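Structural overview
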Amino acid sequence: MISFPISINEGARLLAEIEQRSGQRLSACYQCGRCTSTCVAAFAFDYPPHRLMRLLQVGMVREVLASKTAQLCLDCMTCSMRCPMKIDVAGVIETAKAVADEAGLQDTERNVRLFRRGFLNNVRRHGRLHEAGLLIWFNFKTNNPMNDVKLLPLVLRKKNFHIFPPRIKNRRQVRRLFREINGSGKQG
Amino acid sequence: MSVYSYFPGCSLSSGAMEFDKSFRLVAAAFDIGLDELTDWNCCGASPAPHHWGGDLGILLPARNLHIAGSSHDSMVAPCAGCFNRLKYAQHELAHNGELRRRTERVLREPVHYQTEVLNLVQLLNREIDPGDLAGRSQGRLAGIALGTYYGCVLVRPPEIVRYDDPNNPVKMEPLLKAAGATIPHFPFKTECCGSYMGLARKEIVLQASRRIIEVTLECGIDALVTVCPLCHQNLDLRQQQINDAFGTDYHLPVLYLTQAIGLALGFSPAELGIEAHLNADVGHWTLRNDDQ
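Small disclaimer: the values here were computed from a predicted structure and weren't measured. Residue positions are counted from 1 within each chain, in the order its sequence is given. Chains carry letters and ligands carry numbers; both start at the beginning, A for chains and 1 for ligands, and go up in the order they are written. Predicted model: local features are reported for residues with pLDDT of at least 70 only, side-chain atom pairs are reported and counted for 80 or more only, and whole-chain, interface and lining totals are derived from all residues.

Examining the overall build of chain A
- Looking only at helices and strands, one finds 11 helices and zero strands in chain A.
- Each helix is a run of DSSP H or I of at least 4 residues and each strand a run of E of at least 2, with the numbering of both proceeding from the N terminus. The secondary structure elements of chain A, listed N-terminal to C-terminal, are α-α-α-α-α-α-α-α-α-α-α.
- In terms of principal-axis extent, the alpha carbons of chain A reach across some 55 × 35 × 30 Å.
- In chain A, which comprises 188 residues, the proportion classed as buried is 38%.
- Residues are treated as contacting if the C-beta atoms built from their backbones sit within 7 Å of each other. Long-range contacts, defined as pairs at least 24 residues apart, comprise 67% of the intrachain contacts of chain A with a sequence gap of at least 6. Partly exposed residues are those whose C-beta has more than 12 but fewer than 20 other C-beta atoms within 10 Å; with 20 or more the residue is buried, with 12 or fewer it is exposed, and the C-beta atoms are placed from the backbone.

This is the structure in structure tokens:
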């Protein structure tokens, strides 16, 4: 568990951890901004990708771990493809997100986290995704019952659409896979 | 006849059932045997690698690799997302002994993970001779401009998926050209559609997908062709939401690769499940070209 505010030493440790786990050299970034210019989601971020890289360089790890950017990155990897220094920017953001999860930071972008959690719990239960179940659960949890409901008639035109959960036989094995994830990750 | 393990994944067995339907039709037409995996599970899709430390993104597809490994030498995952997850798992299982041990603790036997994993474009390029396809095409796609939309996960990260050019992929082209379509320049082939944010952060999807549709139309393209059910959902199913949000009036059909090929082979839009799309208006192509 990380305590806040993060001390200089703790910041340096987290920085080294992000570098090591992502396998990227953060100091190689020279702020050209190409990652940001290719990013389709940057408009919804609090820190565009190049600024997130800069925050890490100057040791402002707390801002990065608690950022919307770490939660909203789509991992399309376009920035990583275009970086002139061949830094895997998406990989850095992804690692920051994992570190934030492990540190128990849960305040930013609650709905996005809720969606991911709901999706995986749905799979844990049935072995496969039950789309209708996820939609109803998510709308109920976010108090937004009409979210995407207009799409239903269209979806129902697809004859195989599962009204009831598609359950696999060996659900126990799938549940055991879920139990194999590192204990610290249960939250969020 | 070559037989492949077939991993449909959750989308193709539910919301994207028309992808499965058209795939089976095209596979049968070219004598490609498909043997669906027994009791497969969800690959974890986009949320698994982004949650709870990410290991589920390897553990879930690993079980499917293992099931496939005990039947055929090669497996096909038409969904671009499933393909990506399976390739990732394969890579990690080969290089990360600790994850492999955790997988085996659950499976209670050594994990088979070396099955060859193919995406749809790869499989069709291997099994379909373009000359044969051209010979059997009914001319319905003549004069139709198709935009080849690959999305992100089919081609990235290149060191994992090892498929086509990550910035300018081209492998759909020989198939669609053989099917009679024209393929204009389309610079947004690998632009992200907004991924899984549709429910939780809709504006990201609507904005990202709107840009793709806008550029598609500027390029004079009649329909997009994709192999990703999530891209399809964002670009087709949510197109009315895009129109509502931005005051646009887009009616751009988005087809799965096997639907486009199926049309060329003479299957009807209904047989290929195109009628289940929001923008199902491809009838006039077939009518116009069938009459001639």
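With respect to the overall build of chain B
- When helices and strands are tallied, chain B shows 14 helices and seven strands.
- To get the radius of gyration, use the C-alpha atoms; to get the globule rule, take the number of residues to the power 0.38 and multiply by 2.2 Å. Computed over its C-alpha atoms, the radius of gyration of chain B comes to 19 Å, within 12% of the 19 Å expected for a compact globule of 292 residues.
- A principal-axis box enclosing the C-alpha atoms of chain B has dimensions of 60 × 45 × 30 Å.
- Across chain B, every contact between residues at least 6 apart in sequence was considered, and the portion connecting residues at least 24 apart equals 77%.

Points about the sheet that holds strand E7 (residues 254-256) of chain B
Residues and elements named next belong to chain B.
- Only when DSSP finds a minimum of two bridges between them are two strands counted as paired. Strand order in the open sheet formed by three strands is E5-E6-E7, with parallel pairing between adjacent strands. Both edges of this open sheet fall to strand E5 (146-148) and E7, since each of them pairs with a single strand only. The mean angle between the axes of side-by-side strands here comes to 35 degrees, regardless of whether they run parallel or antiparallel.
- Here three bridges tie strand E6 (residues 223-226) to E7, and the two strands are oriented parallel to one another. Axis lines are fitted through C-alpha atoms, for helices just across the contact stretch, and the angle between N-to-C directions can take any value from 0 to 180 degrees.

Concerning the pairing of E6 of chain B
Residues and elements named next belong to chain B.
- Side chains Ala 223 and Val 225 project from E6 onto one buried face, and the interleaved Leu 224 and Thr 226 project onto a second face that is buried too.
- As judged from the three bridges shared by E5 and E6, these two strands associate in the parallel manner. Bridge pairing links Leu 146 to Ala 223 in E6.

Let's talk about the packing of helix H3 (residues 56-69) of chain B against helix H4 (residues 80-95) of chain B
Residues and elements named next belong to chain B.
- The interhelical angle for the contact between H3 and H4, taken along N-to-C directions, is 95 degrees, at an axis separation of 8 Å. The orientation of H3 with respect to H4, classified from their angle, is roughly perpendicular. Within the contact between the two elements, H3 uses Gly 57, Ile 58, Pro 61, Ala 62, Asn 64 and Leu 65 and H4 uses Arg 85, Leu 86, Tyr 88, Ala 89, Gln 90, Glu 92 and Leu 93.
- Residues are sorted three ways: Asp, Glu, Lys and Arg are charged, Ala, Val, Leu, Ile, Met, Phe, Trp, Tyr, Cys and Pro are nonpolar, and all the rest, Gly among them, are polar. For the contact of H3 with H4, the residue count by class is eight nonpolar, three polar and two charged. Every angle not falling under 35 degrees, over 145, or within 65 to 115 is termed oblique; those three ranges are roughly parallel, roughly antiparallel and roughly perpendicular.

Quick notes on the sheet that holds strand E3 (residues 74-76) of chain B
All names here are of chain B.
- Ordered in space as E2-E1-E3-E4, the four strands form an open sheet in which the pairing is parallel. Each edge of the open sheet carries a strand with a single partner, namely strand E2 (33-36) and strand E4 (116-118). Direction aside, the axes of adjacent strands within the sheet are offset by 35 degrees on average.

Structural notes on the environment of Leu 146 of chain B
All names here are of chain B.
- Take Leu 146: it is sitting in strand E5.
- For Leu 146, a count of 26 C-beta atoms within 10 Å translates into the label buried.
- Discounting chain neighbours no more than four positions away, the residues touching Leu 146 are Leu 176, Ala 181, Ile 183, Ile 221, Asp 222, Ala 223, Val 225 and Ala 260.

Some thoughts on unusual backbone geometry
Residue and element names in this part refer to chain B.
- Each neighbour pair has its own omega, and for Arg 156 with Pro 157 the value is -10 degrees, a cis peptide bond.
- As for its position among the elements, Pro 157 is in the loop between E5 and helix H8 (158-161).
- A positive phi angle is found at Asp 39, which is not glycine, with a value near 55 degrees.
- Tracing the backbone through its elements, the reader meets Asp 39 in the loop between E2 and H3.
- Its identity is not glycine, yet Ala 45 carries a phi of approximately 45 degrees, on the positive side.
- Inspection of the secondary structure puts Ala 45 in the loop between E2 and H3.
- Judged by the 29 C-beta atoms lying within 10 Å of it, Ala 45 falls in the buried class.

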